[in-house]
Amino acid sequence: MAESWRDSALRMKGGVIGLARLSAPRGTADIMPQEARRWQELERVARQVFEAYGYGEVRTPIFEYTELFQRGIGEATDVVDKEMYTFRDRADRSLTLRPEGTAGVVRAYLEHRLDGAAQPAKLYYLGPMFRYERPQAGRARQFHQLGAECIGTSDPAADVEMIGMLAGLLRRLGLDGFEVRLNSIGCPRCRPAYVARLREAVASVVEQLCPSCRERYHRSPLRLLDCKRESCQRLTAGVPVLLDALCDECHGHFRQVRQHLDDLEIEYRLWPRLVRGLDYYTKTVFELISPDLGAQDALGGGGRYDGLVETLGGPPTPGVGFAAGMERILLALAKSRPQETASGIDAFVAHHGAEGRRAAVRIAARLRDAGLRVEIDYLNRSLRAQMKQADRQRARAVVIVGEDEAAREAARVRDMETGREQEVPESNLLHVLAQGGN
Ligand SMILES: [Zn+2]
Ligand SMILES: [Zn+2]
């Protein structure tokens, strides 16, 4: 059996591990209460938007069999190659902390036979993801994403639903400086011919490209298009564009996507270099970019993956989805609008004397049961210091109980805004405090 918490605590006390002060692992962060309020607000609005569009929440495991991501993200990607947290468990199974949400959601869709239920299946998720990357602003090793998947329809309106849902969420949060970038990456019918032309066009300059691009040239040529290095961009500036090489079906799909976007008055820019490098991604791809974020400027993105369900062992099933970075959304929000100060509490219960203290503990518990946010002194402060503390916590009112008030089953209530004070019977406290503008 593993060492109990108590044993390890004792060992630490003995100084074996306790010498160095531990910090959170590199690339992770604690979300402390004041900041957590902003997260809760983001989660609340996201759930509202998802539910309005008819999406239900799915909570998949934090780890999955490694093979799921190898198949569901693709072996020839940086994520699978270099960035996964993969480990063997005690039964020697290879497991991986999820680096993204879609593969697990599609696995759950198949495992719970949603392919046999009414289509499309509309699922959303939010939670932590894990990638071993070099930490920088807007990029952590444990980061958080929210996302949605619409599985079982090839309707272009579903693609637009994804873009509209993410744009709507950002706008509801108060972010509107973002830009929508749109492209189509074709399908297995039209893409191979394009990729061959792309390879041909790049062949003469391959040796001058960056090491990643030289590798991409062989393993995942589409991704040559989205290299961020200026030298690579210059060298590949004149290559043919996928949008000009789409087959009739892909072309028609893309035209309808653009029509729906226009109908919804969602502005977008065609971005011919926006790609996803894997075969099961098809047709529409998009990204929402914030000008406030610097190098890591994508708030979120997604696209159609008509080949993914089949790749994961299901029947041929079209699907489309998006994922957005919650840290990045919060970062962009913090830059675009001033931080609100934390809200105060409804009442601080101050007390003096042993009987006053007993009554105060009881009063605080009752007010909390009724749903008020109430604090009480646990440090035996003087009454004066308790008043100061109430002020610091921005209490709307202070309830003061001394020996005399306790004996009369009453308390003095001071309105912190007006400074007015009145004695109130204990039985009437809730009524009086609730009136104070809650
Ligand atoms: Zn096509
Ligand atoms: Zn490059």
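Source: prediction; values computed, not measured.

*Asks:* Could you clarify how one ought to interpret the coordination of the zinc ion (ligand 1) in this entry?
*Replies:* Six octahedral donors around a metal ideally subtend angles of 90 or 180 degrees, whereas four tetrahedral donors ideally subtend 109.5 degrees. Distances from the zinc ion (ligand 1) to its protein donors, namely C187 (SG), C190 (SG), C247 (SG) and C250 (SG), fall within the range 2.3 Å. Taken together, the four donor atoms coordinating the zinc ion (ligand 1) span angles of 100 to 113° at the metal, a pattern that classifies the geometry as tetrahedral. Mapping the donors of the zinc ion (ligand 1) onto the primary sequence gives the spacing C-x2-C-x56-C-x2-C. Here C187, found in the loop between β7 (179-184) and α7 (191-202), pairs with C250, found in helix α10 (residues 248-263); they are 63 residues apart in sequence, far enough to count as distant. C250 shares its class with C187; the two are buried.

*Asks:* Looking at this structure, I do not really get the side chain of T77. What am I missing?
*Replies:* Considering the arrangement of structural elements, one finds T77 in the loop between α3 (66-72) and α4 (78-83). A distance of 2.7 Å separates a polar side-chain atom of T77 from the backbone oxygen of G74.

*Asks:* Would you take a moment to explain the nonpolar core for this structure?
*Replies:* A general trend in soluble globular proteins is that nonpolar side chains are found buried together. Counting residues in hydrophobic clusters, the biggest one holds 90 residues, and the most contacted among them are F50, L146, M162, V202, F322 and I329. With 10 residues, the single largest contributor to this core is helix α6 (residues 156-173). Not counting chain neighbours up to four residues away, the residues in contact with M162 comprise Y55, A148, E149, C150, F286, V320, G321 and F322. With 20 residues, the next largest nonpolar core counts A347, A359, A360 and L429 among its residues.

*Asks:* What exactly am I supposed to notice about the packing of aromatic side chains here?
*Replies:* Think of a pair of aromatic rings as described by two things: how far the centres are apart, and how the planes are tilted against each other in angle. Evaluation of the coordinates by the stated rule reveals five aromatic pairs. Pairing F50 with Y124 gives two aromatic rings, centres 4.5 Å apart and planes at 20°, and the pair type is stacked. Here F50, found in helix α2 (residues 33-52), pairs with Y124, found in strand β5 (residues 121-130); they are 74 residues apart in sequence, far enough to count as distant. In terms of burial, F50 and Y124 fall into one category: buried. With a centroid separation of 6.4 Å and an interplanar angle of 75°, the aromatic rings of F63 and F87 are classed as edge-to-face. Taken together, the residues F63 in strand β2 (residues 63-65) and F87 in strand β3 (residues 86-88) connect sequence positions 24 residues apart. The class of F63 is partly exposed, set by a relative accessible area of 43%.

*Asks:* So what exactly am I meant to see when it comes to empty space enclosed by the protein here?
*Replies:* Taken as a whole, this structure holds one cavity of 30 Å³ or more when the rule is applied. The space that makes up the largest cavity amounts to roughly 110 Å³. Around the largest cavity, the lining residues are A76, T77, D78, D81, K82, S212, E215, R216, R219, S220 and R223. Mapped by element, the contributors of at least two residues to the lining of the largest cavity are α4 and α8 (211-219). No other element matches the four residues that α8 contributes to the lining of the largest cavity.

*Asks:* Any chance you could explain the packing of α2 against α6 here in plain terms?
*Replies:* Helices that pack against each other are described as a pair by the angle of their axes relative to one another and the distance between those axes. Running from N to C, α2 and α6 point in directions that differ by 140°, and their axes come no closer than 10 Å. In terms of their interaxial angle, α2 and α6 are classed as oblique. Here the hand of the crossing between α2 and α6 comes out right-handed. Together, L42, V45, A46, Q48, V49 and F50 of α2 and M165, L169, R172 and L173 of α6 make up the contact between the two elements. Among the residues forming the contact of α2 with α6, the class breakdown is eight nonpolar, one polar and one charged.

Rules used in this analysis
Residues numbered from 1 in each chain as written. Chains lettered and ligands numbered in written order. Predicted model: local features only at pLDDT ≥ 70, side-chain atom pairs only at ≥ 80, totals over all residues. Heavy atoms only, no water. Donors = N, O, S within 2.8 Å, 3.2 Å for Na, K, Ca; no water. Tetrahedral: all angles 85-135°; square planar, octahedral: opposite > 155°, others 65-115°. Helix = DSSP H or I, 4+ residues; strand = E, 2+ residues; numbered from the N terminus. Buried < 20%, exposed > 50% of the residue type's maximum accessible area, 1.4 Å probe, protein only. Polar contact = N/O pair within 3.5 Å; in protein donor to acceptor, adjacent residues only side chain to side chain. Core = buried A, V, L, I, M, F, W, Y, C linked by side-chain atoms within 4.5 Å. Contact = heavy atoms within 4.5 Å. Phe/Tyr/Trp six-rings, centres within 6.5 Å; stacked < 30°, edge-to-face > 60°. 1 Å grid on protein atoms, 1.4 Å probe; cavity = no way out; pocket = protein on both sides within 12 Å on 5 of 7 lines; lining within 4 Å. Points joined across faces, edges and corners; volume = space filled by probe spheres on them. Axes fitted to C-alpha atoms, helices over the stretch in contact; angles between N-to-C directions. Parallel < 35°, antiparallel > 145°, perpendicular 65-115°, else oblique. Left-handed = near helix turned anticlockwise from the far one by under 90°. Nonpolar A, V, L, I, M, F, W, Y, C, P; charged D, E, K, R; others polar.

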